[in-house]
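Residues per chain, in single letters:
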Amino acid sequence: AILVVILLTFLSVTAHYAVYTYIALLADNVSLAGGIGAALLLFGLGSVLSVVGSASIIDAWLQPLVVAMLALGAIAMVMFLVFARVPGVAHVTFFLWGVSFGPLGAMYQTAIARQADRGRDVATSLQSSVFNFSIMVASWAGGVLLVKLADGGVRAIVWLALGCFALAALVAIGTERTLRQTPVPPRD
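Predicted model only: the values in this text are computed from it and were never measured. (Residues numbered from 1 in each chain as written. Predicted model: local features only at pLDDT ≥ 70, side-chain atom pairs only at ≥ 80, totals over all residues. Heavy atoms only, no water.)

### Describing the packing of helix α4 (residues 62–82) against helix α8 (residues 153–174)
It is the contact of α4 with α8, at a shortest axis distance of 9 Å, that shows an interaxial angle of 155°. In terms of axis orientation, α4 runs roughly antiparallel to α8. Crossing hand, α4 versus α8: left-handed. The residues of α8 that touch α4, namely those facing Gln-63, Val-66, Val-67, Leu-70, Gly-73, Ala-74, Met-77, Val-78, Phe-80 and Leu-81, are Arg-155, Val-158, Trp-159, Ala-161, Leu-162, Phe-165, Ala-168, Ala-169, Ala-172 and Ile-173. Classifying every residue of the contact of α4 with α8 by side-chain character gives 17 nonpolar, 2 polar and 1 charged. (Axes fitted to C-alpha atoms, helices over the stretch in contact; angles between N-to-C directions. Helix = DSSP H or I, 4+ residues; strand = E, 2+ residues; numbered from the N terminus. Parallel < 35°, antiparallel > 145°, perpendicular 65-115°, else oblique. Left-handed = near helix turned anticlockwise from the far one by under 90°. Contact = heavy atoms within 4.5 Å. Nonpolar A, V, L, I, M, F, W, Y, C, P; charged D, E, K, R; others polar.)

So this is what it looks like as structure tokens:
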């Protein structure tokens, strides 16, 4: 169960940060009115709202929350690929993507804490390390795609994120029991 949460962390963080690392290029690619400033503002607003909104439901509804955030991330990537040049759609897409990002850390920290009654410190440290490792992998993979594919690189990064979101959503749905498990009470 801990490995499932580690895999979900890796896929989710890679999906988000592959695109987020190159967010300025994405904003230019979709011709976002307001540019990178608008992209960051909308992403940030969505993220803050989802953190606040998820705080009250994360314990009772962890698995549906994880699946919903992964699906929303995938939907945002599809919107970037298909509809982003339609006036106003890119703005909505950056906001929705931010919503999907907001509870990311809390979701997987909650999930990992539920799985370990002994060695919880080691499990949470491992999850945190994978989170950070995933940022490095995402930045590297995005950079490789930009160098190798030049003009199509930004779209390729969005495709990479979409694939990671889709795979993570399938894992989260397929391992429903792992994420639905009730919290383990702390040991004295």
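### Observations regarding the packing of helix α1 (residues 2–20) against helix α6 (residues 104–115)
Any two packed helices are characterised by how steeply their axes cross, that is the angle between the axes, and by the distance between the axes. Relative orientation of the contacting elements α1 and α6 amounts to 170°, with a least axis distance of 9 Å. The angle between α1 and α6 falls in the class roughly antiparallel. For the pair α1 and α6, the contacting residues are Ile-2, Val-5, Ile-6, Leu-8, Thr-9, Ser-12, Val-13 and His-16 in the first and Leu-104, Tyr-108, Ala-111, Ile-112 and Gln-115 in the second. Residues belonging to the contact of α1 with α6 are distributed by class as follows: 9 nonpolar, 4 polar and no charged.

### Regarding helix α7 (residues 120–149)
Here α7 contains 30 residues, and its C-alpha end-to-end distance of 42 Å stays within 8% of the 44 Å for a straight helix at 1.5 Å per residue. Of all the positions in α7, only Ala-123, Gln-127, Val-130, Phe-131, Ser-134, Val-137, Ala-138, Ala-141, Gly-142, Gly-143 and Leu-146 are classed as buried. On its buried face, α7 sits against α1, α2 (23–29), α6 and α8. At the exit of α7 stands Ala-150, carrying a positive phi of roughly 45°. (Expected span 1.5 Å × (residues − 1). Buried < 20%, exposed > 50% of the residue type's maximum accessible area, 1.4 Å probe, protein only.)

### As for the packing of aromatic side chains
Summed over all chains, the structure comprises 11 aromatic pairs. Geometrically, the ring pair formed by Phe-43 and Phe-101 is tilted, given 5.3 Å between the ring centres and 45° between the ring planes. Taken together, the residues Phe-43 in helix α3 (residues 35–55) and Phe-101 in helix α5 (residues 89–101) connect sequence positions 58 residues apart. Each member of the pair Phe-43 and Phe-101 is classed as buried. Ring centres 6.1 Å apart and planes at 50° place the aromatic pair Phe-94 and Trp-97 in the tilted group. A residue pair is termed a helical-turn pair when its members lie 3 or 4 positions apart in one helix, as Phe-94 and Trp-97 do in helix α5 at 3 residues. (Phe/Tyr/Trp six-rings, centres within 6.5 Å; stacked < 30°, edge-to-face > 60°.)

### Points about the nonpolar core
Counting residues in hydrophobic clusters, the biggest one holds 59 residues, and the most contacted among them are Leu-26, Leu-70, Met-77, Phe-80, Phe-94, Trp-97 and Met-107. Not counting chain neighbours up to four residues away, the residues in contact with Phe-80 comprise Leu-26, Val-30, Ala-90, Thr-93, Phe-94, Trp-97, Arg-155 and Val-158. (Core = buried A, V, L, I, M, F, W, Y, C linked by side-chain atoms within 4.5 Å.)

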